[in-house]
Amino acid sequence: MQPRTFDYLYFKTHGHSNEEIRQETGLSLEEIEIMEKALRPVLEEIEAERPKAKTIGADFARLTRYIYADKSDQEQGTPRPDAIKARSGEVFALPAVAKLDFGKTSLQDAILQRRSLRKYSDEPLSLQELSFLLYCSSWARDFRSNERMEITLRNVPSAGSRHPIETFVDIRRVTGLKPGLYYYHPIKHCLVLYDESPEIQDQIFEGCFRQEMIQSSAANFIYTAVPYRTCWRYGQRGYRYLYLDAGHIGQNLHLAAEAVSAGACMIGAYLDEAMNEALKIDGSEEFVIYIATVGKK
Ligand SMILES: Cc1cc2nc3c(=O)[nH]c(=O)nc-3n(C[C@H](O)[C@H](O)[C@H](O)COP(=O)(O)O)c2cc1C
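As the structure is a computational prediction, the values presented were derived from the model and not from experiment.

We now examine the packing of helix H2 (residues 18-25) against helix H3 (residues 29-38). The N-to-C vectors of H2 and H3 enclose an angle of 115°; their axes lie 10 Å apart at closest approach. Comparing the axis directions of H2 and H3 gives the class roughly perpendicular. Considering only the axes of H2 and H3, their crossing is right-handed. Where H2 abuts H3, its residues Asn-18, Glu-19, Ile-21 and Arg-22 lie against Leu-29, Ile-32 and Glu-36.

Right, let's get into the layout of surface pockets. Empty space within the largest pocket amounts to approximately 660 Å³. Residue lining of the largest pocket: 18 residues in total, with Ile-46, Glu-49, Ala-53, Asp-272 and Glu-273 positioned closest to the centre. Elements represented by at least two residues in the lining of the largest pocket include exactly helix H1 (3-13), helix H4 (40-63) and helix H11 (272-278). Its residues assigned to classes, the lining of the largest pocket comprises eleven nonpolar, two polar and five charged. Each of domain 1 (3-63) and domain 2 (80-296) gives at least three residues to the lining of the largest pocket.

Ranked by size, the top nonpolar core spans 42 residues in total, and within it Leu-130, Leu-133, Leu-191, Phe-221 and Val-294 carry the most contacts. For this core, the elements supplying multiple residues, two or more each, are helix H6 (127-137), strand E4 (165-171), strand E5 (180-185), strand E6 (190-195), strand E7 (219-225), helix H10 (238-259), strand E8 (262-267) and strand E9 (287-296). When near neighbours in sequence (up to four residues on either side) are disregarded, Val-294 contacts Tyr-120, Leu-125, Leu-133, Ser-217, Ala-218, Ala-219, Phe-221, Leu-253, Ala-257, Ala-262, Gly-263 and Ala-264. Among the nonpolar cores identified, the runner-up in size contains 22 residues, and Phe-168, Val-192, Phe-205 and Leu-279 belong to it.

Here the focus is the sheet that holds E5. Here we have seven strands laid out as an open sheet, ordered E1-E6-E5-E4-E7-E9-E8, and antiparallel in their pairing. Two strands lie at the open edges of the sheet, namely strand E1 (91-93) and E8, each paired on one side alone. Each neighbouring strand pair of the sheet contributes to a mean axis angle of 30°, computed without reference to strand direction. As judged from the five bridges shared by E5 and E6, these two strands associate in the antiparallel manner. If you follow Tyr-182 over to E6, its bridge partner there is Leu-193. The sheet contacts of H10 involve E4, E7, E8 and E9, and relative to E9 the element is tilted by about 5°.

Scanning all chains against the criterion turns up one cavity of 30 Å³ or more. Of the pockets and cavities examined, the largest cavity occupies roughly 50 Å³. Lining the largest cavity are Ser-137, Ser-138, Arg-154, Val-156, Pro-157, Ser-158, His-163, Pro-164, Ile-165, Asp-245 and Ile-249. Classifying every residue of the lining of the largest cavity by side-chain character gives five nonpolar, four polar and two charged.

Conventions adopted
- Residues numbered from 1 in each chain as written.
- Predicted model: local features only at pLDDT ≥ 70, side-chain atom pairs only at ≥ 80, totals over all residues.
- Heavy atoms only, no water.
- Axes fitted to C-alpha atoms, helices over the stretch in contact; angles between N-to-C directions.
- Helix = DSSP H or I, 4+ residues; strand = E, 2+ residues; numbered from the N terminus.
- Parallel < 35°, antiparallel > 145°, perpendicular 65-115°, else oblique.
- Left-handed = near helix turned anticlockwise from the far one by under 90°.
- Contact = heavy atoms within 4.5 Å.
- 1 Å grid on protein atoms, 1.4 Å probe; cavity = no way out; pocket = protein on both sides within 12 Å on 5 of 7 lines; lining within 4 Å.
- Points joined across faces, edges and corners; volume = space filled by probe spheres on them.
- Nonpolar A, V, L, I, M, F, W, Y, C, P; charged D, E, K, R; others polar.
- Domains from an automatic or database assignment.
- Core = buried A, V, L, I, M, F, W, Y, C linked by side-chain atoms within 4.5 Å.
- Buried < 20%, exposed > 50% of the residue type's maximum accessible area, 1.4 Å probe, protein only.
- Pairing = 2+ DSSP bridges.

Following this line, the structure appears as structure tokens:
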């Protein structure tokens, strides 16, 4: 779906008139009418689901209580999911974690100094610094695999060590890496070039409601969730844990950024459809759950 289509849907579903949509988006009234016809089934589906959407938060908290759960897939003997979803592409090594040395900032100082930083200097991140940020937030220190269970152990906690969060990095200014979208392999501690098309960085900017920090950052961390990895064990309650797990990753990234004289800002305001499309994921079996910008102070 094109960014302009998202714009139209966003304002339409927020109850704006066609004239207001024209003013907000710069689309002509003719273009708006064409979109309205083409998107009628989508708009009807949204309208049909609106009553459910009004109570979904409270229903989610209530219906994911243990009292409602059946036996999980794990308890029923369904084959285990894999611990990571590896992607293919050109591989870029990262400085080895054993050689990283950014231990100068005390934990207390990192916690006290941390603020959401939305303006960055032009200075790029070094590969060492990027490696350190990934090591602190997404790296797998151990990988255990057998027929019944496959898990990673990381520097952040995760319910049942299911670690359902995958990490992508939108590289803008990192010494030694060409700009583009990379997948981070948490076991091999390397980057896999995922999309180097000229459009990808604009798509991410648009998908994040054009928040300026996306363009001035050195790197944007885009986290996706693979819910079945957790729900295989916990059923629908697993969805609660996805968001909790993502929060731990975000905080470690924030504190790690302090240790390399950088700052971060988390992003929850993004267009799900646009971001899932940018990452070529289906939005259901895998979806974008959290985003963070990082850059030098
Ligand atoms: C879940 C979450 C989503 C957020 N989304 C955004 C965002 O989309 N844009 C933004 O500028 N800041 C965002 N922030 C940053 C908050 O605005 C910020 O943490 C808050 O104002 C407190 O400031 P501090 O982090 O400097 O203490 C988000 C933070 C969290 C935890």
